[in-house]
Amino acid sequence: MALSSWKTFDFFEVSQVNPQDDESKAFFENNEISCVCSGSENLFLGSYDGIVRILSPSFKILRTFQAHDTGSITHMKQVEGTSLLVTISEDISNEPVLKVWALDKPVKKTGLPTCQSTLSIQNGRKPFPISAFTALDDLSQLAVGFANGSVTVVRGDLVHDRGAKQRTVYESEEPITGVEFRDESRVITLYVSTTSRILKLVISGKGQGQAARAIEDAGCAVGCMTLDEKNGDIIVVRDDAIYYYGIDGRGPCYAYDGPKSLVSVFGDYVVLVSPPTTTTSSKSNTLRRFGGAQADEIFNTSTFTILDTTLHFVAHSESLVSQVKTLFSIWGDLFALTQDGKIYRYHEKSLQQRLEIMYQRNLFVPAINLAQKSGMDAQQQNVIFRKYGDFQYQRQDYDGAMQQYLKAIDNTEPSQVIRKFLDTQRIHNLIEYLEELHEHHKATADHTTLLLNCYAKLKDIEKLERFIKSPGDLKFDLDTAISMCRQGGYYEQAAYLATKHGEHELVVDILIEDSKKYAEALQYIWHLEPETAYPNLMKYARVLLENCPNETTELFVEYFTGRYQQKRDVVVPQVVPQQPGYAAGAVNAVQNLRDLLPLPYMNPSAVTSPATQGNVAVAVSDGQLIENPDQLATPSYTPPQPRTAFSSFVDHPDEFIVFLEACLKEKDLKERDKIDLYTTLFEMYLHKSNEKKGVNREKWEAKAKKLIEAKDIPIDTSNVLLLSHLSDFRDGTTLVREQAGLRFDIFRSYTSAKDTRGAIKALKKYGPEEPQLYPAALSYFTSDPKILEEAGDELDAVLKKIDEDGLMAPLQVIQTLSTNAVATMGMVKTYLQQTIERERKEIASNRRLISSYRNETTDKRQEMADLSSKPQTFNNTRCAFCGSPLTLPTVHFMCKHSFHQGCLNMEVGENGQVEGACTVCKKDNDTIRAIRKAQDESADRHDMFLDALARSHDKFSTISEFFGRGVMEVPSVD
């Protein structure tokens, strides 16, 4: 590549160095410098009189010492990182002398640096000057080239003066113009340049001892070869170009016409010095004559150029009036020493300044290359990409601009780019940018929305599917993507996303709400885990029951009875006819690929277009998938309470009954669940009996009656009564009341319904156990002439039962019949006659009984009076205890019983009285006393009296009995 096509910049700030002290200033102005080297943060200047001067960064002479007594110092090298300095002086009459100085070891007497070793460089005693010099960093080997074409290599320990060997490794008739070492993989190669050739020879390592091998049949001038220490390449400049030489020979070259007098490497740059041209035009000659010597200097300027051969641009170029004598770099800057003793400092501008220069010229590609080469971080590089993109956007190169924006995507606010490409004509660029945003995980929900809208606008289904089915981590907002696919009618894609990321509720919602594929939604639910299937089933239960009643009911039964088993699809390999050659391999490959695809949404015939009811394919069939529940163990889960499913069966009574009956067949049902199931099933039977104007009423009422007739049915009585009443199910009401012992309520339900036959039937069935039904029946039969006519002879039977069991007093019967004018006297004439006759007989009997009680009471009172006032005669001759004849002493009791005193075991008082009671009468007397005591104690128990009165059929007899016990006596006041 020719330098004429390279861009030229001004990346260096040039300033002339002006030493501050007079000594340094005079030294430079006198132009006494014979050679220059730098290292270890110091500048070393050799003079023609053999003196070495060490300068500070301010170009102040810090130290001076006499390195050689004779000759001028023509070459120097400072070993970086050490205090060692190598100097070579030449005197044409003697061999060159090489010295190694330890600058940090001054001699005590003189204070001068210590000379570690001195060596005369041999050249066969030929008086030719040194034209090139180089050394390894450890000074183990040095190479010296002479103008007579010979190269001498010095090998040894010069630092410790342990001796060194010299050997001439190359000789030719052409002057040596340059020597450089290259150390790579323990092989040290010496490159030698002459005026007509470039050669290399191995002086250490593999290949040592072989003759020098020419790598180029063109040489270079003195100072036109150097080493690039960064990559080890040898750089050679000739009049036509710049050449690079590597280990394998010549590398790249860059055309650059014109003579070159000096080359050096400064950082990443190659520095060239071109001498003044010798040919001038006639106009120049005229100007020279006009300007004299000053004009001659102007037209004999040398060119100073700094190149970046990697990035192919000129970093700096200028013309110098005085020719450059040498170049050196130190303290981070490049310096040029001219023939007139002037020093120019070349300071590289900061990276940002260099980039700004390129920005001003819209040279963004070189700016990017420069930033990358300089190691600029990615964030700062993105700024350049963004600027480049803006530049191309202004030039209406939208594709190129987008490429730059994509490179800067990590540090660019997406909205800044998106706003520029919202035009319809640039939608493809916008899609590209949005896709890249998602790839970098920088997209928001809005970006996903915009991208999907772009796909929809272009109807690019292929890109849409590629986007949502991209492998790896999720790169977009899932909810937004699904929502946009649903809005755009891409139901299959929405379902795919929801399925892939486990959004089962969304999948079911898409199938039901959007695709209207109810059967497939139900099957999808059946393929879920129990914990996931339940909420989806409950949420869409009504819709599924409306469209797939039998299958949905089956799923409800399976789940709520604890037998739910997750369905799994198993791939069944198809038998494909064998095809020969390539076709067989293709078929097998396709089949294997199909087997690896996820089972949901695997249907290859699915239509990739905006979906409607007819073209959304979610579940796969194609004869390749079968449900294989037998291979799976029933999952362990706790079935929910059945009542949670009741609301789902609204308006689906038949399916509800199937569900309830199936649940009741399960064992180990909880009591509360049994109550809910039986009660609800009874209600549904009654509901079905009233449907269709009672067409199947008998069938459903029979089921309801059978349900509540069964034993241990935990239905609350009040619920059965309420439901039976609301559904006009009389048998249910009757049965429950009968089971609850509410016989009077049963009879009353018939009477309230004016069902005389039912009332008579209930009376005959429950009358013996519920006597109070007869008075109620009497009142009902005589409440209406029609009812009385329907009752017929039942009225007489009721009156007879009332009379026989004493259920009503005659007066009560008369009062009941007299409430209305339905019953006539003739109907009760016989009852009244029998009652009056029986009452008369009873009255007569009671009177006789009263008379006998009175007579007995009078006799007892008289007897008591006689005992207390008249003497008594005791005629007993035997002891009432032992039965033996009575002997004195004898004890006689007023009850006419006599005893031996010894049989009584009682003490007799002084007055002849015996304290005690008759042993014969004692038992009866104690019994009477206990009865009387119990009567006295119960006299205060009014609650007992009231309870007995409430339970008694003959209230007056009960009152009389308690009156006799003293309940109603007024307590005496002592």
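Not measured: the values here are computed from a predicted model.

Calculation criteria
Residues numbered from 1 in each chain as written. Predicted model: local features only at pLDDT ≥ 70, side-chain atom pairs only at ≥ 80, totals over all residues. Heavy atoms only, no water. Helix = DSSP H or I, 4+ residues; strand = E, 2+ residues; numbered from the N terminus. Buried < 20%, exposed > 50% of the residue type's maximum accessible area, 1.4 Å probe, protein only. Contact = heavy atoms within 4.5 Å. Patch = residues over 30% accessible without salt bridge, like charges linked within 9 Å, V, L, I, M, F, W, Y side chains within 5 Å. Areas by Shrake-Rupley, 256 points an atom, 1.4 Å probe, with all protein chains shown as cover. Salt bridge = Lys/Arg side-chain N within 4 Å of Asp/Glu carboxyl O. Lys, Arg positive; Asp, Glu negative; His and termini not counted. Charge placed at Lys NZ, Arg CZ, Asp CG, Glu CD. Polar contact = N/O pair within 3.5 Å; in protein donor to acceptor, adjacent residues only side chain to side chain. Pairing = 2+ DSSP bridges. Axes fitted to C-alpha atoms, helices over the stretch in contact; angles between N-to-C directions. Parallel < 35°, antiparallel > 145°, perpendicular 65-115°, else oblique. Left-handed = near helix turned anticlockwise from the far one by under 90°. Nonpolar A, V, L, I, M, F, W, Y, C, P; charged D, E, K, R; others polar. Disulfide = S-S within 2.5 Å. Phe/Tyr/Trp six-rings, centres within 6.5 Å; stacked < 30°, edge-to-face > 60°. Core = buried A, V, L, I, M, F, W, Y, C linked by side-chain atoms within 4.5 Å. pLDDT = per-residue confidence, 0-100.

A.B. asks: Help me out: how do you make sense of the overall build of the protein in this one?
C.D. replies: Along its length, the protein carries 35 helices and 33 strands. Burial statistics for the protein: of 974 residues in total, 43% are counted as buried. In the protein, of all internal contacts separated by at least 6 residues, the share reaching a separation of at least 24 is 50%.

A.B. asks: Looking at this structure, how should I read a negative patch on the surface?
C.D. replies: A surface patch of negative charge is lined by Glu41, Glu80, Asp137, Asp138, Asp183 and Glu229. Relative to the helices and strands, Glu80 is located in the loop between β7 (72-78) and β8 (84-90).

A.B. asks: Would you explain the side chain of Gln78 in this entry?
C.D. replies: Within the fold, Gln78 resides in strand β7. For Gln78, the side chain forms a polar contact with the main-chain oxygen of Thr82, separated by 2.7 Å. Excluding anything up to four places from it in sequence, Gln78 contacts Cys37, Ser38, Gly39, Ser40, Phe44, Ser83, Leu84 and Leu85.

A.B. asks: Help me out: how do you make sense of the sheet that holds strand β13 (residues 150-156) in this one?
C.D. replies: Sheet strands associate in pairs through backbone hydrogen bonding, adopting either a parallel or an antiparallel arrangement. Across the sheet, 4 strands lie side by side as β11-β12-β13-β14; this open sheet has antiparallel pairing. Sheet topology places β11 (130-135) and β14 (164-171) at the edges, where each strand pairs with a single neighbour. Between one strand axis and the next, the sheet turns through 20° on average, direction left out of account. Judged from the 7 bridges that link them, β13 and β14 form a sheet pairing that is antiparallel. Opposite Gly156, over in β14, you have Ala164 as the bridge partner.

A.B. asks: Just to check I follow, could you spell out the packing of helix α15 (residues 518-526) against helix α18 (residues 549-560) for this structure?
C.D. replies: Geometrically, a packed helix pair is captured by the angle between its two axes and the distance between the axes. For the pair α15 and α18, the least separation of the axes is 11 Å and the interaxial angle reads 15°. By the criterion of interaxial angle, the relationship of α15 to α18 is roughly parallel. For the element pair α15 and α18, the recorded crossing hand is left-handed. Contacts between α15 and α18 involve Leu522, Ile525 and Trp526 on the former and, on the latter, Glu551, Thr552, Glu554, Leu555 and Glu558. Counted by class, the contact of α15 with α18 contains 4 nonpolar, 1 polar and 3 charged residues.

A.B. asks: It is not clear to me how the sheet that holds strand β19 (residues 225-228) should be interpreted in this structure. Could you clarify?
C.D. replies: Spatially, β19-β20-β21-β22 is the arrangement adopted by the 4 strands of the open sheet, whose pairing is antiparallel. Looking at strand neighbours, the two that pair on one side only are β19 and β22 (249-255), the edges of this open sheet. Between one strand and the next, the sheet's axes are offset by a mean angle of 25°, whatever the strand orientation. Two strands pair when backbone bridges link them, and strand β21 (residues 241-246) and β22 are joined in this way by 5 bridges, in the antiparallel orientation.

A.B. asks: Just checking my understanding: could you explain the pairing of β11 for this structure?
C.D. replies: Consecutive side chains along a regular strand alternate between the two faces of the sheet. Buried residues dominate β11, accounting for 6 of its 6 residues. Inspection of the sheet shows β11 paired to strand β12 (residues 141-146) by 5 bridges, in the antiparallel sense. Opposite Thr134, over in β12, you have Ala143 as the bridge partner. Between β11 and β12, which pair antiparallel in sequence order, lie 5 residues; one of them, Leu139, sits at a positive phi of approximately 60°.

A.B. asks: For this particular structure, what's the right way to read the side chain of Thr561?
C.D. replies: With respect to the helices and strands, Thr561 occurs in the loop between α18 and β30 (569-571). Owing to a relative accessible area of 11%, Thr561 belongs among the buried residues under this scheme. At a separation of 2.4 Å, a polar atom in the side chain of Thr561 contacts the main-chain carbonyl oxygen of Val557. Excluding anything up to four places from it in sequence, Thr561 contacts Pro639, Ala662, Cys663 and Glu666.

A.B. asks: Looking at this structure, how should I read the packing of helix α11 (residues 461-468) against helix α13 (residues 491-500)?
C.D. replies: At their nearest, the axes of α11 and α13 sit 10 Å apart, and the two run at 5° to each other. With respect to α13, the axis of α11 lies roughly parallel. Packed against α11, whose contacting residues are Ile461, Leu464, Glu465 and Ile468, the element α13 presents Gln493, Tyr496, Leu497 and Lys500 at the interface. Split by residue class, the contact of α11 with α13 holds 5 nonpolar, 1 polar and 2 charged.

A.B. asks: What should I look at first to understand the state of the cysteines in this one?
C.D. replies: In protein structure, a disulfide is the covalent linkage between the sulfur atoms of two cysteines. Summed over the entire model, instances satisfying the criterion amount to 0 disulfides. Unpaired in terms of disulfides, Cys879 finds its nearest cysteine sulfur in Cys882, a separation of 3.7 Å.

A.B. asks: Looking at this structure, I do not really get the packing of aromatic side chains. What am I missing?
C.D. replies: Applying the stated criterion to the full structure yields 37 aromatic pairs. Note on Phe59 and Phe335: the rings are 5.6 Å apart at their centroids and 65° apart in plane angle, and the pair reads as edge-to-face. Of this pair, Phe59 sits in the loop between β5 (51-55) and β6 (61-66) while Phe335 sits in strand β28 (residues 333-338), and the two are 276 residues apart along the sequence. The pair Phe59 / Phe335 is uniform in exposure class, with both members buried. With a centroid separation of 6.0 Å and an interplanar angle of 90°, the aromatic rings of Trp331 and Phe335 are classed as edge-to-face.

A.B. asks: Got a minute to help me understand the nonpolar core in this structure?
C.D. replies: Tyr405, Tyr433, Phe556, Phe659, Leu660 and Phe682 are the most contacted members of the largest nonpolar core, which totals 86 residues. When residues no more than four places from it in sequence are discounted, the contact partners of Tyr433 are Met402, Tyr405, Leu406, Ile409, Thr412, Pro414, Val417 and Ile418. The next biggest cluster of nonpolar side chains, apart from the first, holds 36 residues, and it includes Phe9, Val271, Leu320 and Ile384.

A.B. asks: Please explain the pattern of salt bridges as it appears in this structure.
C.D. replies: Any two side chains of opposite charge can pair if their charged atoms end up close together. Scanning all chains against the criterion turns up 18 salt bridges. The closest approach of N and O atoms between Asp308 and Lys373, which form a salt bridge, is 2.8 Å. Taken together, the positions of Asp308 in strand β25 (residues 302-308) and Lys373 in helix α5 (residues 364-373) put the pair 65 residues apart, joining distant regions of the chain. By relative accessible area, which is 2% here, Asp308 ends up buried. In this structure, the salt-bridge partner of Asp390 is Lys420, at a minimum N-O distance of 2.7 Å. Of this pair, Asp390 sits in helix α6 (residues 378-394) while Lys420 sits in the loop between α8 (414-418) and α9 (427-439), placing them 30 residues apart in sequence. A network of salt bridges, in which partner residues are shared, links Arg182, Glu184 and Asp233.

A.B. asks: When you look at the pairing of β12 in this model, what are you seeing that I'm missing?
C.D. replies: In terms of burial, β12 is a largely internal element, 6 of the 6 residues being buried. With burial as the criterion, each face of β12 is covered, one bearing Gln141, Ala143 and Gly145 and the other bearing Leu142, Val144 and Phe146. With 5 bridges connecting them, β12 and β13 associate as antiparallel partners. Paired with Ala143 across the two strands is Val153, which belongs to β13.

A.B. asks: Just to check I follow, could you spell out unusual backbone geometry for this structure?
C.D. replies: In this chain, Leu888 is followed by Pro889 through a cis amide linkage whose omega measures -5°. Counting through the fold element by element, Pro889 comes out in the loop between α31 (825-869) and β32 (890-892). Its identity is not glycine, yet Leu139 carries a phi of approximately 60°, on the positive side. Tracing the sequence through the fold places Leu139 in the loop between β11 and β12. Among the residues examined, Leu139 registers a relative accessible area of 2% and is labelled buried.

A.B. asks: I'm lost on α13 in this one. Help?
C.D. replies: In an α-helix, one turn spans 3.6 residues, which is why side chains three or four residues apart end up on the same side. In terms of burial, α13 is largely enclosed, as 9 of its 10 residues are buried. As for α13, its buried residues are in contact with α11, α12 (478-487), α14 (504-514) and α15. Just downstream of α13, Gly502 is the residue with a positive phi angle, here 75°.

A.B. asks: Is there a simple way to explain the confidence of the model for the protein in this structure?
C.D. replies: Caution applies to low-pLDDT parts of the model: their predicted coordinates are not meant to be read in detail. The pLDDT averaged across the protein works out to 80; a share of 85% of its residues lies at or above 70. The least confident element of the protein, judged by mean pLDDT, is helix α19 (residues 581-596) at 39; the most confident is strand β23 (residues 262-266) at 94. A low-confidence stretch, residues 286-295 (pLDDT under 50), is modelled with 7 contacts involving residues beyond four sequence positions or located in other chains.

A.B. asks: Mind showing me how you'd approach the environment of Val828 here?
C.D. replies: Locating Val828 in the fold gives a position in helix α31. Val828 sits 11 residues away from Leu817 along the chain, and the two C-alpha atoms are 9.2 Å apart.

A.B. asks: Got a minute to help me understand the environment of Ile418 in this structure?
C.D. replies: Secondary-structure assignment places Ile418 in helix α8. Taking the C-alpha atoms as reference points, Ile418 and Leu430, 12 residues apart in sequence, are found 6.6 Å from one another. Residues contacting Ile418, with those up to four places away along its chain left out, are Leu430, Tyr433, Leu434, Leu437, His447 and Leu450.

A.B. asks: Quick question: what am I supposed to make of the environment of Gly178 here?
C.D. replies: By secondary structure assignment, the location of Gly178 is in strand β15 (residues 176-184). Classification of Gly178 as buried rests on a relative accessible area of 5%. Spatially, the C-alpha atom of Gly178 lies 8.3 Å from that of Cys220, the residues being 42 residues apart in sequence. Once residues within four sequence positions are removed from consideration, Gly178 is found in contact with Ala132, Tyr191, Val192, Ser193 and Met225.

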